[in-house]
Amino acid sequence: MSVEPALRRKTIALVGLMGAGKSSVGRRLAQALNLPFRDTDEEVERAAGRSVNDIFAELGEQAFRAGERRVIARLLEDPPHVLATGGGAFMSDETRALIKDKAISVWLKADVEVLARRVGRKNDRPLLRGRNPVTTLRELAEVRYPIYAQADITVDSIDTSHAAMVQAIIEALRARLVPEGTAS
Ligand code: S3P
């Protein structure tokens, strides 16, 4: 598939709750657009030399959030790429403003039940540990969805293939970034 240069001019920052597909779909979106892929959780883990779980347990959430803000500010200075942000990253006023300025943001919006099913079996998310995922995700959605809604683009993350999600994101980017009549 050929993609218009307009789609590759800015970093594409994926935002949304845990399980929305920011990393799994983001990786494939990057491939489709022939852009590098970055994941803020992975970069924070690399910088801290330990897992997100261990950062929360040993240093606390505030330390994780500070690391997340630093890492995203650094990544946004890099050439255009697809950036999967951690679910809480866009809640920071500072990070949100930077993303607004330097990237195009895409909210992968999903129903809590879909998210809960997807995150259900994994044990790598400190905010869900030992808690009912549906209840916790519902609480987070209530607080976060109005903020995620400030993203430039919203794409529904439904139970479909990754390829179909990538296609839906590309279409939404195209509608926003490619002036009418210039699509190849
Ligand atoms: C978090 C989401 C996680 C990770 C951390 C906190 C959140 O990332 O950053 O566990 O606050 O929603 P994913 O959204 O990639 O799971």
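Going by the structure above, here's the rest.
Residues numbered from 1 in each chain as written. Predicted model: local features only at pLDDT ≥ 70, side-chain atom pairs only at ≥ 80, totals over all residues. Heavy atoms only, no water.

### A short note on the sheet that holds strand β4 (residues 103-109)
In a beta sheet, neighbouring strands pair by backbone hydrogen bonds and run either parallel or antiparallel.
And step 1. Pairing is parallel in the open sheet, where five strands are placed in the order β2-β3-β1-β4-β5. Two strands in the sheet have a free side with no partner beyond their single neighbour: β2 (37-39) and β5 (153-156). Pairs of neighbouring strands in the sheet enclose a mean axial angle of 25 degrees, with direction left out of account.
And step 2. Looking at chain direction, strand β1 (residues 11-15) and β4 are connected through five bridges and run parallel. When the bridges of β4 are listed, T11 appears paired with A103.
And step 3. Against the sheet, helix α2 (residues 40-48) makes contact with β2 and β3 (82-84), and its axis sits at roughly 65 degrees relative to β2, the strand it touches most.
And step 4. With respect to the sheet, helix α5 (residues 93-102) is in contact with β1 and β4, its orientation differing from that of β4 by roughly 115 degrees. (Pairing = 2+ DSSP bridges. Helix = DSSP H or I, 4+ residues; strand = E, 2+ residues; numbered from the N terminus. Axes fitted to C-alpha atoms, helices over the stretch in contact; angles between N-to-C directions. Contact = heavy atoms within 4.5 Å.)

### Describing the site of the ligand
And step 1. Neighbouring the ligand are 14 residues, the closest being K22, D41, R65, R125 and R144.
And step 2. Taking G88, its main chain carries an N or O atom lying 3.4 Å from an oxygen atom of the ligand.
And step 3. Burial of the ligand by the surrounding chains reaches 95%, relative to a free accessible area of 390 Å².
And step 4. Take the shell around the ligand: its biggest share by element is three residues, from helix α4 (residues 61-75).
And step 5. Of the residues contributing to the shell around the ligand, the split by class is five nonpolar, three polar and six charged. (Near = heavy atom within 4 Å. Polar contact = N/O pair within 3.5 Å; in protein donor to acceptor, adjacent residues only side chain to side chain. Areas by Shrake-Rupley, 256 points an atom, 1.4 Å probe, with all protein chains shown as cover. Nonpolar A, V, L, I, M, F, W, Y, C, P; charged D, E, K, R; others polar.)

### Description of unusual backbone geometry
And step 1. Non-glycine residue N34 carries a positive phi angle of around 55 degrees.
And step 2. You can see N34 is positioned in the loop between α1 (22-33) and β2.
And step 3. Note on N34: relative accessible area 59%, which makes it exposed. (Buried < 20%, exposed > 50% of the residue type's maximum accessible area, 1.4 Å probe, protein only.)

### Some points on the packing of α2 against α4
And step 1. Look at α2 against α4: their axes get within 9 Å of each other, and the N-to-C directions meet at 110 degrees. In terms of orientation, α2 lies roughly perpendicular with respect to α4. Residues T40, D41, E43 and V44 of α2 lie in contact with α4, whose contacting residues are F64, G67, E68, V71, I72, R74 and L75.
And step 2. Along the lines of polarity and charge, the residues of the contact of α2 with α4 split into five nonpolar, two polar and four charged. (Parallel < 35°, antiparallel > 145°, perpendicular 65-115°, else oblique.)

### A look at the pattern of salt bridges
And step 1. Going through the model one piece at a time under the given rule, you end up with 17 salt bridges.
And step 2. Of the charged contacts, one joins E4 and R174 as a salt bridge, the two residues approaching to 2.8 Å between their closest N and O atoms. Here E4 is found in the segment before β1, whereas its partner R174 is found in helix α8 (residues 162-177), with 170 residues between them in sequence. Across the pair, R174 and E4 agree in class, each one buried.
And step 3. In this structure, the salt-bridge partner of K100 is D152, at a minimum N-O distance of 2.9 Å. Of this pair, K100 sits in helix α5 while D152 is found in the loop between α7 (133-148) and β5, placing the two residues 52 residues apart along the sequence.
And step 4. What emerges from the salt-bridge pattern is a single network uniting E4, E171 and R174. (Salt bridge = Lys/Arg side-chain N within 4 Å of Asp/Glu carboxyl O.)

### Quick notes on α2
And step 1. Taken together, the buried positions of α2 are occupied by T40, E43 and V44. Along α2, the residues classed as buried sweep out an arc of 100 degrees about the axis, all on the same side.
And step 2. Buried residues along α2 sit against β2, α3 (52-59), α4 and β3.
And step 3. Between the side-chain oxygen at the start of α2 and the backbone nitrogen of D41 there is a gap of 3.0 Å, and the oxygen is on D39.
And step 4. Directly after α2, the chain includes G49, whose backbone phi takes a positive value near 70 degrees. (Arc of directions from axis to C-beta.)

Interpretation note: all reported values are geometric properties and have no functional meaning in isolation.
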